[in-house]
Amino acid sequence: MTSTTHYANPARTHDDSKISTVVVLYLIGVVAPIEFFLGTVSLTPLRVLLLAMVIPMTVGLFSGRYGKLLACDYLFFAHMLWATVAVAVNNPNRVIENVGSSAVEFLGGYLLARAYIRTPDQFQTLVKILLWMIILSLPLAMVESITGRAVIPHLIESIPGLGTVKQVNIGKRMGLFRVQNAFAHPIHYGLFCS
């Protein structure tokens, strides 16, 4: 019996390099700068996906469904507990909004990887998908670096009922505008590409 058969894998198929549909939806959510409101709550496709999955994935993690618990599993939850205390002490009126959205995105992303990226082949496939996402974003980045206008958010702004990230106006560097692409800030696009 090989070491890859010692764990339960919800994304497991006959092809160990196959990526779950949930991971693909997550990646699309990362680069889809769509925002809509449910009452006063700001939602994105990514937040909706993670809201639906964070509790079942947490139960799966602590029930051993994704392999034995690791120190980093506990540390991720301890971090969110500490963040909750820190915000509650310093900004008690913002604790639910700030910690709620941070916990869903921070823990949700970690849990999704823990649940659905289980083999080296799946990780390699994920890296290939990310590289293709970066390559496909380059034409939009080149247009934005010259015009200073993020293409995808500009298109989404024209759709009634949907919001998007704000256009960031930062001075040029080396004669080119800094590119935010589909992200809230150029630094986020840089992190995504890194």
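Small disclaimer: the values here were computed from a predicted structure and weren't measured.

Cut-offs and rules
What you see as residue numbers is a count from 1 along each chain, following the sequence as written. With pLDDT at 70 or above as the cut-off, local features in this predicted model cover only qualifying residues; side-chain atom pairs require 80 or more to be listed or tallied, and sums for whole chains, interfaces and linings still use all residues. Water and hydrogen atoms were dropped before computing side-chain values, which therefore reflect all heavy atoms in the structure. The numbering of helices and of strands both runs from the N terminus, where a helix is a DSSP run of H or I of at least 4 residues and a strand a run of E of at least 2. The classification of residues rests on relative accessible area computed with a 1.4 Å probe and restricted to protein chains. Under 20% of the type maximum is buried, over 50% is exposed, and intermediate values are partly exposed. Residues count as neighbours in contact if any of their non-hydrogen atoms are within 4.5 Å of one another. Note on areas: these come from Shrake-Rupley sampling with a 1.4 Å probe, and a residue is covered only by the protein chains present in the view. Working definition: rings of Phe, Tyr and Trp (its six-membered ring) pair if their centres are within 6.5 Å, and the pair is stacked with planes under 30 degrees apart, edge-to-face with planes over 60 apart, and tilted otherwise. Patch building starts from residues that exceed 30% relative accessible area and form no salt bridge, then joins like charges within 9 Å and nonpolar side chains (Val, Leu, Ile, Met, Phe, Trp, Tyr) within 5 Å. Here, a salt bridge means any side-chain nitrogen of Lys or Arg that lies within 4 Å of a carboxyl oxygen of Asp or Glu. Per-residue confidence from the predictor is reported as pLDDT, a score between 0 and 100.

Draft legend 1. How the structure looks around the overall build of the protein. Of regular secondary structure, the protein possesses seven helices and two strands. In the protein, the succession of α and β elements from N to C terminus is α-β-β-α-α-α-α-α-α. Counting every position in the protein, which comprises 194 residues, the buried fraction comes to 34%. For the protein, contacts bridging at least 24 residues in sequence account for 61% of all contacts bridging at least 6. Of the accessible surface of the protein, which amounts to about 11800 Å², a share of 69% is contributed by carbon and sulfur atoms.

Draft legend 2. Structural view of the packing of aromatic side chains. Inspection of every chain in the model, using the stated rule, returns six aromatic pairs. Relative to Phe106, the ring of Phe76 lies with its centre 4.9 Å away and its plane at 25°, an arrangement referred to as stacked. Residue Phe76 is located in helix α3 (residues 71-90), and its partner Phe106 is located in helix α4 (residues 95-116); the two are separated by 30 residues in the primary sequence. Seen from their ring centres, Phe76 and Tyr110 are 3.8 Å apart, and the 15° between their planes marks the pair as stacked.

Draft legend 3. View of a nonpolar patch on the surface. Among the surface-exposed residues, Leu81, Trp82, Val85 and Val89 lie close enough to one another that they form a single nonpolar patch of about 470 Å² accessible area. Inspection of the secondary structure assignment puts Val85 in helix α3.

Draft legend 4. Just the confidence of the model for the protein, in detail. Per-residue pLDDT for the protein has a mean of 88; in total, 93% of the residues score no lower than 70. The low-confidence segment residues 1-7 (pLDDT under 50) makes seven contacts with residues lying over four places distant or belonging to another chain.

Draft legend 5. Just the side chain of Ser137, in detail. Here Ser137 shows up in helix α5 (residues 120-147). With residues near it in sequence (within four places) discarded, Ser137 still touches Asn181 and Tyr189.

Draft legend 6. Quick look at the pattern of salt bridges. This structure, assessed with the given rule, holds three salt bridges. Salt-bridge contacts for Glu157 lead to Arg149; the nearest nitrogen and oxygen are separated by 3.4 Å.

Draft legend 7. A look at unusual backbone geometry. One non-glycine residue, Met174, adopts positive backbone phi at about 55°. Relative to the assigned elements, Met174 resides in the loop between α6 (151-157) and α7 (186-193). Even without being glycine, Asn181 reaches a positive phi, approximately 55°. Taking relative accessible area as the criterion, Asn181 reaches 5% and is therefore assigned buried.

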